Amino acid sequence: MKLAEALQERADLNRRIEQLNSRLYRNSKVQQGRNPEEDPAELISELDGCIARLEYLIAKINICNCNTKTPDGKSITELIAKRDCLKIKIDAYRELASNASSLCDRVTRSEIVILSTVDVRALQKQIDAMSRELRCTDNMIQQLNWLTEID
């Protein structure tokens, strides 16, 4: 199984577990003299199986992410950390650029003038460069996910 397939299965299992939790909740109580729509014992059994499979996949994925290296020696785990931090940094810089570039209208000449404290043009160039780096990092992760066999 390819790493990408394991990641897809993990996502499917997470959705399935959410659905099973919801179904269990809906079938946990009934009016006296009525039966639940679904047997909670069967739902619990299915939930336990999904959680066990999820635990197995998470462990395999994490081990694979640590052991799989790029040509320059970085692990997928390191690339994921880099990608996640780049997203945080880009969001913060975009918010800063947006706030710094918003105009403050003046009605009279005696009102206080509000000026930007940062060079928005230079900041936008940094954002563009980080966005390119993010795309390249994400592409490398995706490529490794589809090339790597999971044990």
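It should be noted that the structure appears before, not after, this text.
Remember, it's a predicted structure, so these values are computed and weren't measured experimentally.

**Overview of the environment of Arg83**
Within the secondary structure layout, Arg83 lies in helix α3 (residues 76-101). C-alpha separation for the pair Arg83 and Ser131, spaced 48 residues apart in sequence, amounts to 10 Å. Excluding its chain neighbours within four sequence positions, the residues that come into contact with Arg83 are Leu134, Thr137, Asp138 and Ile141.

**Let's talk about the layout of surface pockets**
Considered as a void within the structure, the largest pocket measures approximately 180 Å³ in volume. Residue lining of the largest pocket: ten residues in total, with Ala100, Ser102, Ile114, Leu115 and Ser116 positioned closest to the centre. Classifying every residue of the lining of the largest pocket gives six nonpolar, four polar and no charged.

**What to know about the pattern of salt bridges**
Considering all chains together, one arrives at eight salt bridges under this definition. Here Lys82 makes a salt bridge to Glu133, at a shortest N to O gap of 3.1 Å. Note that Lys82 is positioned in helix α3 and Glu133 in helix α4 (residues 120-147), a separation of 51 residues in sequence. By relative accessible area, Glu133 is classed as partly exposed at 33%. Where salt bridges share partners, they join Arg83, Asp84 and Asp138 into one cluster.

**A few points about α4**
Between its first and last C-alpha, α4 extends 40 Å over 28 residues, near the 40 Å set by a 1.5 Å rise per residue. Looking at α4, one finds that the buried residues are Leu123, Ile127, Met130, Ser131, Leu134, Thr137, Ile141, Leu144 and Asn145. Considering only its buried residues, α4 is in contact with α1 (3-26) and α3. With a side-chain oxygen lying 3.2 Å from the backbone nitrogen of Arg121, the N-terminal cap of α4 falls on Asp119.

**A look at the side chain of Arg23**
In this fold, Arg23 is placed in helix α1. Setting aside its immediate chain neighbours within four residues, Arg23 contacts Arg16, Glu38 and Leu43.

**Structural notes on the nonpolar core**
Considering soluble globular proteins, one finds that nonpolar side chains tend to be buried as a cluster. Ranked by internal contacts, the top residues of the largest apolar core, which has 18 residues, are Leu3, Ile61 and Ile150. Broken down by secondary-structure element, the contributors of at least two residues to this core are α1, α2 (40-67), α3 and α4. Sort the elements by how many residues they give to this core and α2 lands first, with seven residues. Counting residues in hydrophobic clusters, the runner-up holds seven residues, among them Ile90, Ala97, Met130 and Leu134.

Thresholds applied
- Residues numbered from 1 in each chain as written.
- Predicted model: local features only at pLDDT ≥ 70, side-chain atom pairs only at ≥ 80, totals over all residues.
- Heavy atoms only, no water.
- Helix = DSSP H or I, 4+ residues; strand = E, 2+ residues; numbered from the N terminus.
- Contact = heavy atoms within 4.5 Å.
- 1 Å grid on protein atoms, 1.4 Å probe; cavity = no way out; pocket = protein on both sides within 12 Å on 5 of 7 lines; lining within 4 Å.
- Points joined across faces, edges and corners; volume = space filled by probe spheres on them.
- Nonpolar A, V, L, I, M, F, W, Y, C, P; charged D, E, K, R; others polar.
- Salt bridge = Lys/Arg side-chain N within 4 Å of Asp/Glu carboxyl O.
- Buried < 20%, exposed > 50% of the residue type's maximum accessible area, 1.4 Å probe, protein only.
- Expected span 1.5 Å × (residues − 1).
- Polar contact = N/O pair within 3.5 Å; in protein donor to acceptor, adjacent residues only side chain to side chain.
- Core = buried A, V, L, I, M, F, W, Y, C linked by side-chain atoms within 4.5 Å.

From the geometry alone we can't say anything about function, so treat these as descriptive.
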